[in-house]
Amino acid sequence: MKNIIAFTAALALLTGQIYPSAVYSESVVSSPAQSSETLTLDITQSTEVTNGQFTISFDPEKLKLVEACAGDAFKGVMTAVDIRKDKVVIGFASAKVFELKGTLAELKFQQAPGTEDLSSLCSFSVDEFISLDKSGNEYTPDTGSIKLTHNSAVPEAEISLNGSVSEETGAPQAILNVSKANGVTNGLFTVNYSPDILKFEKGSICAGFEGTIAEINETTPGEIKIAFVNNEGLSAAGDFIKLDFSAVSTGTATLDVRADELLSVSEQGKITEFSADSDSCIITAAAPEKALISVSGTSLPVGGSSDITIAIPEKTGATNGIFTLKYDASKVKFESNTVCEAFDGAMVEVNESEPGKITIAFIKNDGVSAGGDAVKLFFSGLTAGKTDVELSVTEFSKTSGFNKPEAIPTTAVNGTITVTPKVQTAFEISVSDTSLPVGGGSDITVAIPEKTGATNGIFTLKYDASKVKFENSMVCKALDGAMVEVNESEPGKITIAFIKNDGVLAGGDAVKLFFSGLTAGKTDVELYVTEFSKTPGFNKPMVIPTTAVNGTITVTPKKEISFDINGDGVINTSDLVLVKKCILIDPAITPEVMKKADINQNGVVNVLDLMRIVRYILG
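Residues numbered from 1 in each chain as written. Predicted model: local features only at pLDDT ≥ 70, side-chain atom pairs only at ≥ 80, totals over all residues. Heavy atoms only, no water.

A. How the structure looks around the overall build of the chain. In terms of helices and strands, the chain carries four helices and 41 strands. Here the chain holds 619 residues, and the buried ones make up 41% of them. Long-range contacts, defined here as pairs at least 24 residues apart, represent 77% of the contacts in the chain between residues at least 6 apart. Surface accessibility of the chain: about 32000 Å² in total, with carbon and sulfur atoms responsible for 50%. (Helix = DSSP H or I, 4+ residues; strand = E, 2+ residues; numbered from the N terminus. Buried < 20%, exposed > 50% of the residue type's maximum accessible area, 1.4 Å probe, protein only. Contact = heavy atoms within 4.5 Å. Areas by Shrake-Rupley, 256 points an atom, 1.4 Å probe, with all protein chains shown as cover.)

Right, dumping it as structure tokens:
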């Protein structure tokens with residue numbers, strides 16, 4: 001009578017059915033006291049066979065089976081995996097003789113550290129191993145080359161980072177090289193560099209890795225995140241990703257790369273983690289020399305006037321230029337200008353196109369031949385405070401005859417105008433900042449940071465009532481013993497009035513105002529001091545000069561992250577496959593699935609969403 005495997009193979013051929021590879025998967029809660037180890041059944045010498053059956057036995061008291069599947073040796077062959085309490089039985093059958101080589105089975109166990117070696121807790125037996133000779137007769141091949149091996153090591157990938165200067169552009173660049181990939185399909189790298197020497201411009205995939213989807217972003221100055229997916233798995237070695245920089249300053253920059261995550265995800269959803277050592281390189285950068293164009297600072301009182309200067313301290317030869325200055329028009333008012341020695345003989349036009357924005361254009365046929373002051377701008381002070389004068393250089397170039405203008409690299413240095421109070425330094429009354437989620441609550445504080453002696457005060461706060469809702473208030477230390485009234489006269493407007501007979505004798509928090517978040521966004525809380533005075537006895541109130549500092553309330557949206565893309569109540573590799581299909585824009589994907597796959601809710605399904613669900617599955 002033919003054996004059971006031969007019988008099932010014949011039945012499969014008659015019915016057209018193929019035995020599936022059963023995968024045993026049980027929910028296991030990992031703890032620091034446990035680790036997952038892999039056991040493989042390999043055949044070290046290829047053998048021609050038609051069908052067979054193997055049994056791998058283990059001690060269920062010491063081992064917990066996490067996963068079992070047939071290996072790559074059975075690719076294209078019918079297999080059946082039978083999971084039992086203390087053993088795994090793997091059968092295979094083929095309609096014709098085939099070459100058996102590679103891994104026959106992979107079993108992942110969970111065991112407590114300190115137990116015996118995994119190989120000593122498992123054994124295997126060959127139940128059947130059959131082939132056909134040239135005459136079609138059955139015989140049993142040699143089974144001595146079948147080995148049970150224990151693999152506890154994390155597979156490694158090898159990466160390196162090489163710094164150089166581009167032969168095409170002469171600009172600094174770094175190459176991320178993969179010399180051993182081992183079929184990695186997904187990864188996340190972090191590259192750190194010196195932002196005081198280099199500026200990141202762009203990243204790109206090198207030739208030979210065109211099938212890779214990569215997202216390369218500078219998260220903060222000095223840090224680049226590289227996330228990639230390659231469905232086929234990286235197999236070739238060589239230059240993988242190129243990072244292009246420009247030189248900010250001249251010097252030696254150190255770059256470091258580390259692999260935050262390296263995974264291999266098979267079509268069956270099997271995930272293998274890889275490790276890789278960090279690497280670094282050095283780039284010597286030479287920044288192009290730039291002409292320095294600067295704006296001086298000044299200080300003036302409210303109602304007074306002063307000037308600032310745009311200076312070009314070196315001979316540049318520039319024949320054309322356009323500069324733009326932006327400043328706070330509520331603090332200062334532009335009055336007039338005068339041309340200085342560096343622009344002697346030049347045609348200069350100074351135009352205030354709108355309050356807070358001045359444009360300066362010049363043409364000097366023989367070029368700027370002497371460094372020094374170019375233009376003086378005169379301002380008058382409106383309200384106390386500071387305003388940065390931001391200088392941007394739209395054009396600074398040299399034109400010889402009718403040739404195309406040659407741009408001259410420049411560095412712009414901003415200036416600051418400080419407007420001082422007209423009478424005396426004002427006491428600062430401020431509103432604090434806060435952040436709260438939609439539906440949540442938080443408070444802001446009106447503070448009087450110094451002893452002022454004020455006996456009376458009226459403050460008004462205005463804010464966007466569509467963003468936040470005022471709930472209640474609380475009197476704080478600075479107004480202890482005071483009569484305080486807090487009144488929301490209308491949505492978006494709160495009035496605080498106080499009387500304190502002995503005056504404000506201690507600085508600090510005066511009133512806390514509690515808000516709840518309505519809709520996501522920001523609202524400035526604008527503070528107006530209607531009255532802040534001291535009344536000794538029955539005398540006329542003496543006004544105390546004040547400066548009001550506004551606050552900001554930020555309402556953040558509620559974020560609900562769901563990793564269950566297919567909605568089956570389980571988060572597993574099926575959800576991971578759906579995210580990959582969304583990235584590849586599979587036409588079968590519905591808008592609902594596409595929306596769920598956008599896990600970080602940035603409006604795009606990309607590698608970062610894939611990385612988040614992979615990390616979630618891995619725990």
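From this point on, the discussion continues.
B. Inspection of the sheet that holds strand S14 (residues 238–247) at higher detail. If you trace the four strands from one edge of the open sheet to the other, you get S8-S9-S14-S11, paired in antiparallel fashion. The sheet is open, and its two borders are formed by strand S8 (158–165) and strand S11 (198–205), each paired with just one other strand. On average, each strand axis in the sheet is inclined to that of its neighbour by 25 degrees, with strand direction left out of account. (Pairing = 2+ DSSP bridges. Axes fitted to C-alpha atoms, helices over the stretch in contact; angles between N-to-C directions.)

C. Here's a closer look at the pattern of salt bridges. What the rule picks out here adds up to 13 salt bridges. A salt bridge links Lys225 to Asp260; the nearest nitrogen and oxygen atoms lie 3.5 Å apart. In this pair, Lys225 is assigned in strand S13 (residues 223–234) and Asp260 in strand S15 (residues 251–265), connecting sequence segments 35 residues apart. Owing to a relative accessible area of 34%, Asp260 belongs among the partly exposed residues under this scheme. For the salt bridge of Asp328 with Lys331, the shortest nitrogen-to-oxygen distance reads 3.5 Å. One salt-bridge network, held together by shared partners, links Lys225, Arg258 and Asp260. (Salt bridge = Lys/Arg side-chain N within 4 Å of Asp/Glu carboxyl O.)

D. Broad picture of the nonpolar core. Core analysis: the largest hydrophobic core is formed by 33 residues, its most contacted members being Leu243 and Leu255. Within the residue set of this core, elements represented by two or more residues are S8, strand S9 (172–180), strand S10 (184–192), S11, S13, S14, S15 and strand S17 (279–285). When sequence neighbours within four positions are dropped, the list of residues in contact with Leu243 reads Pro172, Gln173, Ala174, Val191, Phe200, Lys202, Gly203, Ile216, Ile224 and Ile226. In terms of nonpolar packing, the next biggest core, distinct from the first, is built from 31 residues, Ile293, Ile312, Leu325 and Ile417 among them. (Core = buried A, V, L, I, M, F, W, Y, C linked by side-chain atoms within 4.5 Å.)

E. Just the pairing of strand S18 (residues 291–295), in detail. Across the five residues that make up S18, a large majority, four, are buried. With four bridges joining them, S18 and strand S28 (residues 410–413) adopt parallel strand pairing. Within the sheet, the bridge partner assigned to Ala291 lies in S28 and is Thr410.

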